Amino acid sequence: MNYVDPGKVIGSPLNRVDGPKKVTGTAIYTSDHHFDGMLYAVPVRATIASGTIKNLDTSVAEKMPGVHLVLHSGNIGKLNHLPDRRLLIDEKRPPLADDEVRYYGQYVAAVIADTFEQATAAADAVKVAYDAKPFNVKDELEPSKWSTESKRGDVDKAFTEAPVKVDEIYITPTETHSVIELHASVVTYENGVFTLYEPSQAVVNHRQVAAAVLGEPADNIRVVARFIGSGFGSKLWPWPHSFIAAVAARKLKRPVKLVLTRKMNFESTGHRPITQQHIKLGATTDGKLVSLSHEYVNHTSLLDDYTENCGEATPFLYSTPNLLVRASTTRRNVGTPTSMRGPGAIPGLFALESAVDELVIKLKIDPVQFRIMNEPKVDESTGLPFSSRHMVECLQTGAEKFGWSKRTPGIGSMTRDGKIIGWGVAGCSWLALRMPTEAAVELKSDGTVRVTCATQDIGTGTYTVAAQVVSSETGVPTDKIEVVLGDTDLPPGPFSGGSAATASVIPALLQAVREAQQTVIDLAVKTPNSPLASHKPHDLVFKDGKIVVANATVGSADGGGLPFNRVLEMASKTSVKGKGKSEGGFNDPLKKKYSLHSFGVQFAEVSWQPEIARLRVERVVTVIDGGRVINMKTASNQIEGAVIMGVGMALFEHTHYDPQNGAAINSNFADYVMTTHADAPRIDVSFVEHPDTIFNELGARGLGEIGLAGIAAAITNAVHHATGVRVRKLPVMIEDLLTA
């Protein structure tokens with residue numbers, strides 16, 4: 001059962017309203033779509049990392065059974081580079097745009113045939129001759145031009161004069177989004193209108209980008225993404241395969257399905273790039289931070305400028321009068337990097353929070369106490385107040401729940417059951433982001449409610465959150481609320497990234513539902529046979545699914561209220577609809593008044609058994625200041641999943657590129673090691689709930705990213721406490737620990 005007292009629906013741990021469809025297999029994902037006459041597309045991929053196509057021989061493939069078309073640069077037709085910077089895409093070069101190869105796995109052709117097997121066989125029969133050139137997929141990064149992102153004071157002078165210093169380099173590797181649902185596109189083209197079924201984290205942006213690239217009016221393109229098997233950022237923006245499928249559907253006037261293989265996902269749909277970060281900290285002997293320098297470089301592709309914003313949290317996380325954050329990139333022969341859960345802040349906080357741990361060891365100050373001592377009162381990078389910040393409460397709550405007071409600081413000084421125990425802590429932060437959103441709420445004469453918005457649910461619980469918000473406002477149980485998302489035919493909604501969707505949707509939903517409620521109230525007054533016709537609209541309120549007289553006494557003639565569906569029946573209305581609209585954006589006007597972020601802390605315990613070379617993360621305690629929690633179950637799920645992902649970041653994940661040909665070597669689930677159930681620690685998640693009503697009426701901020709922030713550093717700090725080995729390059733290598 002999913003019934004909850006309407007007055008307590010916000011914050012309750014409701015089951016996902018879309019859960020039954022997912023567990024019964026009736027939820028339709030992109031590659032589940034099938035249409036009569038559907039054809040199948042398979043890309044042909046480059047087998048070099050740099051060079052030119054000398055000859056592309058499609059003659060054999062074109063004659064093979066079932067083959068309808070082989071697309072290549074000579075026949076794909078004109079596809080546009082994006083003219084509008086407001087449209088978001090990572091790999092800006094359209095597919096098959098020229099004969100230059102810039103990374104291994106780049107699409108050089110695509111076969112479209114009656115069956116997937118026929119298309120695969122024909123793709124293998126396409127012969128490509130290359131003029132290969134030297135390429136570079138090395139992990140070592142050389143910065144190019146530096147860009148200053150934040151600066152205050154004289155960081156060099158303060159560092160030179162500081163009595164206690166840390167000056168180290170920290171490295172995070174390439175990580176590849178390994179989502180369960182493979183990237184795919186299913187495209188229909190009828191009467192000049194495209195319907196793109198996509199596992200998109202941003203259907204509205206996908207539609208606009210597709211229109212620009214294909215040279216079509218936006219009205220001729222519909223994008224649908226009802227259910228998504230996670231994306232973690234890899235499905236935020238369109239990738240070239242989507243346009244290949246769309247062009248094929250347009251040329252052949254047939255539905256086309258294109259599903260990438262796991263290996264293709266490692267090559268052509270983004271990854272978190274390598275970061276190389278130089279942190280310099282200076283402090284007084286009593287623990288006051290006086291200097292913080294954070295310089296970082298990440299790799300990008302040959303044509304696209306992707307910057308991993310590692311310094312996102314650095315300028316405001318600690319109080320210091322002198323600070324410098326600088327960024328640079330270096331080009332590699334790899335596919336274009338993209339956002340990966342917590343882009344920038346996640347690798348950035350690994351470096352910063354590792355350096356802080358090194359500093360506190362030199363200072364001989366407790367790591368929790370140091371963070372409390374250096375807590376800023378305002379965002380010192382802008383001088384603006386925080387809309388809400390409760391970092392100290394997170395630190396204190398987490399320390400108590402973890403049992404931090406029992407920690408002894410000596411290396412290897414803590415043991416249990418014959419194992420060496422290490423404890424580590426790290427702070428975390430993530431931006432509070434909201435995007436322009438529209439939504440509609442329809443109150444229906446059968447007593448149900450329909451909610452629509454062209455945002456999408458990537459598995460994070462947006463369907464459920466939307467139902468809860470409307471339920472709390474109307475008093476209608478969530479099982480009578482239909483939420484429809486993931487379709488550009490609906491009111492335009494936000495992308496599901498940056499932890500922005502929930503905070504963006506809430507104000508629009510509230511405005512929409514209140515407009516619909518007011519329409520029902522007006523009908524209750526205007527309808528001649530209504531028992532409330534003698535009242536004025538301002539005398540009435542919408543409560544528990546009914547129109548009631550404000551301040552009416554229970555048991556009085558007006559005290560029972562009139563169900564909203566009865567009002568609609570009396571007015572001969574099948575439904576009434578309200579529309580809502582909210583503001584936001586990357587240049588949100590609210591940012592001029594407040595620093596908008598969430599905060600938290602991660603505590604980690606590891607065990608180390610040197611005699612069998614076994615390292616394990618035993619438990620994690622995470623405390624998050626993310627404003628009001630709309631659904632305690634889905635919010636906790638988000639943080640738990642992020643912690644598991646953080647264990648993978650710290651101990652396992654690393655995409656390796658072959659120096660012989662530039663290919664991703666470990667491009668499969670056997671060789672790309674991730675956290676399994678056997679590796680999962682005990683996880684304790686809690687929230688310090690302080691509604692951020694400056695940010696939105698309900699005070700909710702996003703929670704998808706922040707759970708991953710700081711986890712890797714908390715683990716490696718714990719590793720140092722257990723072993724004495726300072727890990728500055730992820731992932732942790734057992735070989736390094738054996739030197740302890």
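Here is what the cut-offs are and how they apply
Residues numbered from 1 in each chain as written. Predicted model: local features only at pLDDT ≥ 70, side-chain atom pairs only at ≥ 80, totals over all residues. Heavy atoms only, no water. Helix = DSSP H or I, 4+ residues; strand = E, 2+ residues; numbered from the N terminus. Rg over C-alpha atoms; globule rule 2.2 N^0.38 Å. Buried < 20%, exposed > 50% of the residue type's maximum accessible area, 1.4 Å probe, protein only. Contact = heavy atoms within 4.5 Å. Areas by Shrake-Rupley, 256 points an atom, 1.4 Å probe, with all protein chains shown as cover. Core = buried A, V, L, I, M, F, W, Y, C linked by side-chain atoms within 4.5 Å. Pairing = 2+ DSSP bridges. Axes fitted to C-alpha atoms, helices over the stretch in contact; angles between N-to-C directions. Disulfide = S-S within 2.5 Å. Phe/Tyr/Trp six-rings, centres within 6.5 Å; stacked < 30°, edge-to-face > 60°. Left-handed = near helix turned anticlockwise from the far one by under 90°. Nonpolar A, V, L, I, M, F, W, Y, C, P; charged D, E, K, R; others polar. Polar contact = N/O pair within 3.5 Å; in protein donor to acceptor, adjacent residues only side chain to side chain. Domains from an automatic or database assignment. Salt bridge = Lys/Arg side-chain N within 4 Å of Asp/Glu carboxyl O.

Some words on the overall build of the chain
For step 1, the next point in the chain: Looking only at helices and strands, one finds 17 helices and 27 strands in the chain.
For step 2, the next point in the chain: In terms of overall size, the chain behaves like a compact globule, its C-alpha atoms giving a radius of gyration of 28 Å where 740 residues would be expected to give roughly 27 Å.
For step 3, the next point in the chain: For the chain, the C-alpha atoms occupy an extent of roughly 85 × 75 × 50 Å along the three principal directions.
For step 4, the next point in the chain: Out of the 740 residues belonging to the chain, those deemed buried represent 60%.
For step 5, the next point in the chain: Nonlocal contacts in the chain, meaning residues at least 24 apart in sequence, comprise 81% of its contacts between residues at least 6 apart.
For step 6, the next point in the chain: Of the roughly 28,200 Å² that the chain leaves accessible, carbon and sulfur atoms contribute 51%.

A word on the nonpolar core
For step 1, the next point in the chain: Ranked by size, the top nonpolar core spans 88 residues in total, and within it Leu-281, Leu-359, Phe-370, Phe-603 and Ile-715 carry the most contacts.
For step 2, the next point in the chain: Of the residues forming this core, the biggest block, 11 residues, is contributed by helix α9 (residues 345-363).
For step 3, the next point in the chain: Excluding residues within four positions of it along the chain, Leu-281 makes contact with Phe-159, Val-164, Lys-165, Val-166, Leu-289, Ser-291, Leu-292, Leu-352, Ala-355, Val-356 and Leu-359.
For step 4, the next point in the chain: Core analysis: the next-biggest nonpolar cluster, separate from the first, contains 46 residues, Val-465, Ile-481, Ala-508 and Val-520 among them.

A short note on the sheet that holds strand β23 (residues 562-563)
For step 1, the next point in the chain: Pairing in this open sheet of three strands is antiparallel, and the strands run β21-β22-β23 from one edge to the other. Because the sheet does not close on itself, it has two edges, and the strands there are β21 (540-543) and β23.
For step 2, the next point in the chain: As paired elements, strand β22 (residues 546-549) and β23 share two bridges and run antiparallel to each other. When the bridges of β23 are listed, Ile-547 appears paired with Leu-562.
For step 3, the next point in the chain: Taken strand by strand, helix α13 (residues 501-526) contacts β21 and β22, and its axis lies near 130° from that of β21.

Focus: unusual backbone geometry
For step 1, the next point in the chain: Pro-731 follows Leu-730 through a cis peptide bond whose omega is -5°.
For step 2, the next point in the chain: Mapped onto the secondary structure, Pro-731 falls in the loop between α16 (711-723) and α17 (734-737).
For step 3, the next point in the chain: Positive phi outside glycine occurs at Leu-96, with the angle close to 60°.
For step 4, the next point in the chain: Assignment of secondary structure puts Leu-96 in the loop between β3 (67-71) and β4 (100-101).
For step 5, the next point in the chain: The backbone phi angle of Phe-232 is positive, close to 55°, even though this residue is not glycine.
For step 6, the next point in the chain: Looking at where Phe-232 falls in the secondary structure, it is placed in the loop between β11 (221-224) and α6 (240-252).

Looking at the state of the cysteines
For step 1, the next point in the chain: All chains considered together, the criterion is met by zero disulfides.
For step 2, the next point in the chain: Cys-428 takes part in no disulfide bond, and the closest cysteine sulfur, belonging to Cys-394, lies 7.4 Å away.

Remarks on the packing of aromatic side chains
For step 1, the next point in the chain: Tallied over the entire structure, the rule returns 18 aromatic pairs.
For step 2, the next point in the chain: Each ring, one from Phe-316 and one from Phe-599, has its centre 6.2 Å from the other, and the planes form 85°; the classification is edge-to-face. Note that Phe-316 is positioned in helix α8 (residues 314-317) and Phe-599 in strand β25 (residues 597-609), a separation of 283 residues in sequence. Just as Phe-316 is buried, Phe-599 falls in that class too.
For step 3, the next point in the chain: Ring centres of Phe-402 and Phe-603 lie 5.4 Å apart, and the angle between their planes is 25°; this geometry places the pair in the stacked category. Note that Phe-402 is positioned in helix α11 (residues 391-402) and Phe-603 in strand β25, a separation of 201 residues in sequence.
For step 4, the next point in the chain: Phe-402 sits in the buried class, given a relative accessible area of 3%.
For step 5, the next point in the chain: Phe-603 sits in the buried class, given a relative accessible area of 0%.
For step 6, the next point in the chain: Three or more aromatic residues link up through ring pairs in this structure, and these residues are Phe-402, Trp-404, Trp-423 and Phe-603.

Some points on the packing of helix α12 (residues 462-474) against α13
For step 1, the next point in the chain: It is at 10 Å that the axes of α12 and α13 come closest, and there the two elements cross at 35°. Seen from above, α12 lies across α13 with right-handed handedness. The residues of α13 that touch α12, namely those facing Val-465, Ala-466, Val-469, Val-470, Glu-473 and Thr-474, are Thr-502, Ile-506, Leu-509, Leu-510, Val-513, Arg-514 and Gln-517.
For step 2, the next point in the chain: By residue class, the composition of the contact of α12 with α13 is eight nonpolar, three polar and two charged.

Structural notes on the sheet that holds strand β16 (residues 414-416)
For step 1, the next point in the chain: Sheet architecture is open: five strands sit in the order β16-β17-β25-β26-β27, paired in mixed fashion. The two strands at the open ends of the sheet, each matched to only one other strand, are β16 and β27 (682-687). Sheet twist, expressed as the mean angle between neighbouring strand axes with direction ignored, is 30°.
For step 2, the next point in the chain: Taken together, the six bridges between strand β26 (residues 614-625) and β27 define a ladder with parallel strand orientation. Looking at the pairing, Val-621 lines up with Asp-684 of β27.
For step 3, the next point in the chain: Across the face of the sheet, α16 comes into contact with β16, β17 (419-431), β25 and β26 while running at roughly 155° to β17.

So, the side chain of Arg-332
For step 1, the next point in the chain: Among the structural elements, Arg-332 can be located in the loop between β15 (323-331) and α9.
For step 2, the next point in the chain: Separated by 3.3 Å, the side chains of Arg-332 and Glu-142 make a polar contact.

A look at the domain arrangement of the chain
For step 1, the next point in the chain: Structurally, the chain comprises domain 1 (18-27 + 434-584), domain 2 (33-135 + 181-229 + 235-269) and domain 3 (342-433 + 591-738).
For step 2, the next point in the chain: Spacing between the C-alpha centres of domain 2 and domain 3 amounts to 38 Å.
For step 3, the next point in the chain: Opposite the seven residues of domain 2 that make contact, domain 3 presents 13 residues.
For step 4, the next point in the chain: Where domain 2 touches domain 3, the interface holds zero salt bridges.
For step 5, the next point in the chain: Inspection of the domain 2/domain 3 interface yields one residue pair in polar contact (both at pLDDT 80 or more).

Focus on the environment of Ile-506
For step 1, the next point in the chain: Note that Ile-506 resides in helix α13.
For step 2, the next point in the chain: The exposure class of Ile-506 is buried, given its relative accessible area of 1%.
For step 3, the next point in the chain: Counting along the chain gives 209 residues from Ile-506 to Val-297, while the straight-line C-alpha distance between them is 37 Å.
For step 4, the next point in the chain: When residues no more than four places from it in sequence are discounted, the contact partners of Ile-506 are Val-469, Ile-630, Leu-698 and Ala-700.

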